[in-house]
Protein chains: 2
Amino acid sequence: MSRTPPEVRDLIRDLPDSQIREVALDYIGKPGLIALWFGESDEETPDFIRDAAKAALDAGETFYAPNAGIGPLRAEIQAYMTRIYGRDFARDRFTVTASGMNAIMLAFQALVDPGDNVLVISPVWPNCAETVKILSGEVRRVLLDERDGRWSLDLDRLFDAADERTKAVFINSPGNPTGWMMPEDQRDAIMEWARRRGIWLIADDVYARLVYDRHHAPSFVEVADPDDRVIAINSFSKSWSMTGWRLGWITAPASIGGALAKLNEYNMAAPTTFVQHAGVAALRDGDPYVDGLAERLHRRRDLITQSLGRFSRVRYTPPDAAFYAFFAVEGMAEGSLAFCRRLRDEAGVGLAPGSAFGPGGEGYLRLCFASSEAALSEAMERLQPYLD
Amino acid sequence: MSRTPPEVRDLIRDLPDSQIREVALDYIGKPGLIALWFGESDEETPDFIRDAAKAALDAGETFYAPNAGIGPLRAEIQAYMTRIYGRDFARDRFTVTASGMNAIMLAFQALVDPGDNVLVISPVWPNCAETVKILSGEVRRVLLDERDGRWSLDLDRLFDAADERTKAVFINSPGNPTGWMMPEDQRDAIMEWARRRGIWLIADDVYARLVYDRHHAPSFVEVADPDDRVIAINSFSKSWSMTGWRLGWITAPASIGGALAKLNEYNMAAPTTFVQHAGVAALRDGDPYVDGLAERLHRRRDLITQSLGRFSRVRYTPPDAAFYAFFAVEGMAEGSLAFCRRLRDEAGVGLAPGSAFGPGGEGYLRLCFASSEAALSEAMERLQPYLD
């Protein structure tokens, strides 16, 4: 008897593979290649955070943790948020999650019934949209505009995209890959509109601290009432160089805290216990590290701008936040995916194709500048023949 | 303007809170209380596993990992499965997950469209069923029979519960809380039936090694063809005393490996990187630990059986596997939840109410015997006035 191989549901089968991984797979760690395709700093996690994890292991912190996260971490998150945003937050508004990605999954599990739709401001890193689809929801793209390499949001376009089945808006600001940073006046207008319509705002704030023209990016948490429909998502990955740790947190109305804790239980119980203890150290002692990282990234951004800003085929303005250059390349007839393969094979530089970031992304390339200045300088030299 | 607090979707709001946590919350760590309510050994993770995590941290294993898991861990899982089950498995059948719980969530995300149903053999730990509901699927219970404290499955009852929308059967054997262990002949009959019907088998094998009358429990992975619709779930939590680490794995047809890796990406990218390195050590060097733990649990089971088996109000037969005593209490008119509260407050012993385990669970109590013999002896003395 011949059998067809078993398959998952159609909707899951049809989820796109990451085009970043399509370019990068089999080339990770290749000698001589300068890999700037992933959204990850090349710095190992600082020692004081690793030491805290080791101390927690020694102390026997190897048992189940509470669903909402360990008490000391929720307390430290409360102190951090109060310090950064200059207002009080009740502790029961915080839920610890296993990464920003995991927080997004929990948020959509909490909100999206089959057939509900979510507005996603794009181009944007692809995972948020796929998460909605997994829950049998519908994704509606709201495209940012780009002019001279600066990205902006047309509020009317956002508001017009909503209907009776619109459950939430997903807003990643500062944005990956665009670097778009929602201005205060747009934040306030979106908050007001969402409040009136009863629509949730899912704010992906993971780049909130990697900002080059101010201390932190505008966030809904600064203006939302405690019971506004705002779920703000944060992560230890980017600002504390903890991508491999899988730790983040949600700020939400206290009224849904119980539901989020339940969802933690049904997804993975809680993040790794001793990792949570390391998170305490990161927030308590990490401000100098985060500020230093932002300074280093600022210099690196300026370094690549010296080249990217001059390449004749490139349309680019340095972003004010996050650690990506997302630039248009004129005459990239073969498409961004094929072009990235060619840059990888011929120039030895790994970039991410704009097509990986959904509608509005084709025609662009993403370069993560969270690498050493030496690597970035060399990469710019290698790219020059292809982009100039 | 007065506003009602924001709420999640009805389906999520209505998910039951864990009745175990309802009894235990606010009493965790209470001095003098003997806590036997959670499914967790009282042993810290062995040193050789903690040392491997620390070494990986020192080696800078703090970056993103591949979606399917790091290569060395998938290789070690392959070697382990081959060693335990005495047959070959291709490496691309394994996906690393952030716990057994997380593996179940991924499996149902892969398979359950809204309106699909899943047969769940019960009583069973509650989380598997709630996961189906989160995905807007339907749970159909198939009750085990209990006679003189032994649990058994009526195959006709299982087969009759399926219809055209039945996507999968969830089978936890050895079972939490019942200790039910699926016999080989039933395993083979279920495999044959599922194959004929095109129904998936989700096998929760996390207690496969904690067995007292043989080396390992019967598993579908022993008889399934590589492309049979079987998703077997394993965890480091129970056998290696790693509950707080959040690490597990899936064995599945290679044809759905890509989908499972994608789902990992969209749930949390991958489990914590240095935790995966610790998993390598656990599988490579952990057989003596697992065998020793099973021996200790065997002695503890026999210790509590001396008392439980004699208490006049208790109907109980020692289980052949897992680390729970799940026993009926005659005349528990107040219900198992209220009775557990009373045992907690009056006797200072923490047990889990049978009602926490869904239909078929009321009238029973669950006692986890993965605690020291001293604690168990003392607990039995304290329980005697209430159960005898």
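Every value quoted in this text rests on a predicted model; they were computed, and no experiment measured them.

Cut-offs applied
- Residues numbered from 1 in each chain as written.
- Chains lettered and ligands numbered in written order.
- Predicted model: local features only at pLDDT ≥ 70, side-chain atom pairs only at ≥ 80, totals over all residues.
- Heavy atoms only, no water.
- Buried < 20%, exposed > 50% of the residue type's maximum accessible area, 1.4 Å probe, protein only.
- Helix = DSSP H or I, 4+ residues; strand = E, 2+ residues; numbered from the N terminus.
- Pairing = 2+ DSSP bridges.
- Right-handed = clockwise from strand over helix to strand, strands pointing away.
- Salt bridge = Lys/Arg side-chain N within 4 Å of Asp/Glu carboxyl O.
- Core = buried A, V, L, I, M, F, W, Y, C linked by side-chain atoms within 4.5 Å.
- Contact = heavy atoms within 4.5 Å.
- Phe/Tyr/Trp six-rings, centres within 6.5 Å; stacked < 30°, edge-to-face > 60°.
- Lys NZ or Arg CZ within 6 Å of the ring centre and 35° of its normal.
- Axes fitted to C-alpha atoms, helices over the stretch in contact; angles between N-to-C directions.
- UniProt positions renumbered as here; feature names shortened; annotations may be inferred.
- Least-squares fit on C-alpha atoms with pLDDT ≥ 70 in both.
- Domains from an automatic or database assignment.
- Buried area = accessible area lost by both parts, 1.4 Å probe.
- Polar contact = N/O pair within 3.5 Å; in protein donor to acceptor, adjacent residues only side chain to side chain.
- Left-handed = near helix turned anticlockwise from the far one by under 90°.
- Nonpolar A, V, L, I, M, F, W, Y, C, P; charged D, E, K, R; others polar.

## Digging into the pairing of strand β8 (residues 200-204) of chain B
Residues and elements named next belong to chain B. Burial of β8 is extensive: five of the five residues sit out of reach of the surface. In the sheet, strand β7 (residues 166-172) pairs with β8 via five bridges, with the strands oriented parallel. Counterpart to Val 169 in the pairing with β8 is Leu 201. Chirality of the crossover, the property in question, places the unit of β7, helix α8 (residues 184-197) and β8 among those that are right-handed.

## Considerations on the pattern of salt bridges
In this structure the tally under the stated criterion is 73 salt bridges over all chains. Where Arg 13 of chain B meets Asp 14 of chain B, a salt bridge forms, and the shortest distance between an N and an O atom there is 3.1 Å. Given a relative accessible area of 40%, Arg 13 of chain B falls into the partly exposed group. The shortest N-O distance in the salt bridge between Glu 22 of chain B and Arg 341 of chain B comes to 3.4 Å. Within this pair, whereas Glu 22 of chain B is found in helix α2 (residues 19-24), its partner Arg 341 of chain B is found in helix α12 (residues 336-347), the two being separated by 319 residues in sequence. According to the relative accessible area criterion, Arg 341 of chain B is partly exposed, its value standing at 30%. Overlapping salt bridges, with partners in common, bring together Glu 192, Arg 195, Arg 196, Asp 225 and Asp 228 of chain A in one network.

## Describing the nonpolar core
Within the largest apolar cluster, 290 residues are counted, with the highest numbers of intra-cluster contacts made by Phe 327 and Leu 367 of chain A together with Phe 327 and Leu 367 of chain B. Not counting the four nearest positions on each side in its chain, Phe 327 of chain B is found in contact with Leu 308, Val 314, Arg 315, Tyr 316, Leu 351, Gly 363, Tyr 364, Leu 365, Leu 367 and Leu 387 of chain B.

## Focus on the packing of aromatic side chains
All names here are of chain A. As enumerated under the stated definition, the model contains 36 aromatic pairs over all chains in all. Relative to Trp 249, the ring of Phe 236 lies with its centre 5.3 Å away and its plane at 70°, an arrangement referred to as edge-to-face. Of the two residues, Phe 236 is situated in the loop between β9 (230-235) and β10 (248-251) and Trp 249 in strand β10; the sequence distance between them amounts to 13 residues. You can call Phe 236 buried: its relative accessible area is 0%. For Trp 249, a relative accessible area of 0% corresponds to the buried category. Taken together, Tyr 80, Phe 236, Trp 240 and Trp 249 form an aromatic cluster joined through their ring pairs. When the ring centre of Tyr 27 is taken as reference, the NZ or CZ atom of Arg 344 above it lies at 3.8 Å.

## Considering the sheet that holds strand β4 (residues 138-143) of chain B
Residue and element names in this part refer to chain B. Taken together, seven strands build an open sheet; the order of strands is β2-β10-β9-β8-β7-β3-β4 and the sheet is mixed. Every interior strand has two partners, whereas the edge strands, β2 (94-97) and β4, have only one. Ignoring which end each strand starts from, the neighbouring axes of this sheet average 20° apart. Looking at chain direction, strand β9 (residues 230-235) and strand β10 (residues 248-251) are connected through four bridges and run antiparallel. Within β10, the position partnered with Ser 235 by the bridge is Gly 248. The strands touched by helix α4 (residues 71-85) within the sheet are β2 and β10, with β2 carrying the most contacts at an inclination of about 115°.

## Remarks on the UniProt feature "domain: Aminotransferase class I/classII large" (unreviewed entry) in chain A
Mapped onto this numbering, the UniProt entry gives "domain: Aminotransferase class I/classII large" (unreviewed entry) at residues 39-383 of chain A. Between the C-alpha atoms that bound residues 39-383 of chain A the distance is 19 Å, and the span itself is 39% helix and 18% strand.

## Details of the relation of the copies chain A and chain B
Least-squares fitting of chain A to chain B yields an RMSD of 0.0 Å, with the superposition described by an axial translation of 0.0 Å and a rotation of 180°. In the structure described here, the two chain copies are related by an operation that fits a two-fold rotation axis. Interface overlap between copies is the fraction of interface residues in one copy that are interface residues in the other; for chain A against chain B it reaches 100%, indicating a shared surface.

## Let's talk about the domain arrangement of chain A
All names here are of chain A. Taken domain by domain, chain A consists of domain 1 (10-45 + 288-387) and domain 2 (62-286). Computed from C-alpha coordinates alone, the two centres of domain 1 and domain 2 are separated by 24 Å. Listed by partner, the interface residues are 38 residues for domain 1 and 38 residues for domain 2. Summing the contributions of domain 1 and of domain 2, the shared interface buries around 3300 Å²; its carbon and sulfur component is 59%.

## Things to note about the interface of chain A and chain B
Residue-level contacts link 79 residues of chain A with 79 residues of chain B. For the pair chain A and chain B, the two sides together bury roughly 6600 Å², of which 53% comes from carbon and sulfur. Counting the contacts that link chain A with chain B gives six salt bridges. A salt bridge links Lys 54 of chain A to Asp 58 of chain B, with the nearest nitrogen and oxygen atoms 2.5 Å apart. Across the contact surface, chain A and chain B share 44 residue pairs in polar contact (both at pLDDT 80 or more).

## Focus on the sheet that holds strand β11 (residues 314-315) of chain A
All names here are of chain A. Ordered by their spatial adjacency, four strands build an open sheet running β11-β12-β15-β14, and the pairing between neighbours is antiparallel. A single partner strand is all that each edge strand has here, and the edge strands are β11 and β14 (352-353). Two strands pair when backbone bridges link them, and β14 and strand β15 (residues 364-368) are joined in this way by two bridges, in the antiparallel orientation. Its bridge partner lying in β15, Ala 352 is registered against Arg 366. Running at roughly 45° to β15, helix α12 (residues 336-347) makes contact with β12 (324-329), β14 and β15 of the sheet.

## Observations regarding the packing of helix α5 (residues 100-111) of chain B against helix α6 (residues 127-134) of chain B
Residue and element names in this part refer to chain B. Put simply, α5 and α6 touch, their axes get as near as 10 Å, and they point 35° apart. Relative to α6, α5 is oriented so that their crossing is right-handed. Across the interface between the two elements, Met 101, Ile 104, Met 105 and Phe 108 of α5 pack against Asn 127, Cys 128, Thr 131, Val 132 and Ile 134 of α6. Within the contact of α5 with α6, the residues separate by chemical class into seven nonpolar, two polar and no charged.

## Thoughts on the environment of Asn 67 of chain B
Structurally, the position occupied by Asn 67 of chain B is in the loop between α3 (47-58) and α4. Along the primary structure Asn 67 of chain B and Asp 213 of chain B are separated by 146 residues, whereas in three dimensions their C-alpha atoms are 37 Å apart. When neighbours within four sequence positions are excluded, Asn 67 of chain B is seen to be in contact with Arg 21 of chain A together with Val 96, Ala 261, Asn 264, Glu 265, Ala 269 and Ala 270 of chain B. A polar side-chain atom of Asn 67 of chain B sits 2.8 Å from a polar atom in the side chain of Glu 265 of chain B.

## Section: unusual backbone geometry
Residue Pro 177 of chain A is reached from Asn 176 of chain A by a cis peptide bond, and omega for that bond is 15°. A positive phi angle is found at Ser 241 of chain B, which is not glycine, with a value near 50°. Residue position: Ser 241 of chain B is located in the loop between β9 and β10. Taking the relative accessible area as the measure of exposure, Ser 241 of chain B reaches 4% and is therefore buried.

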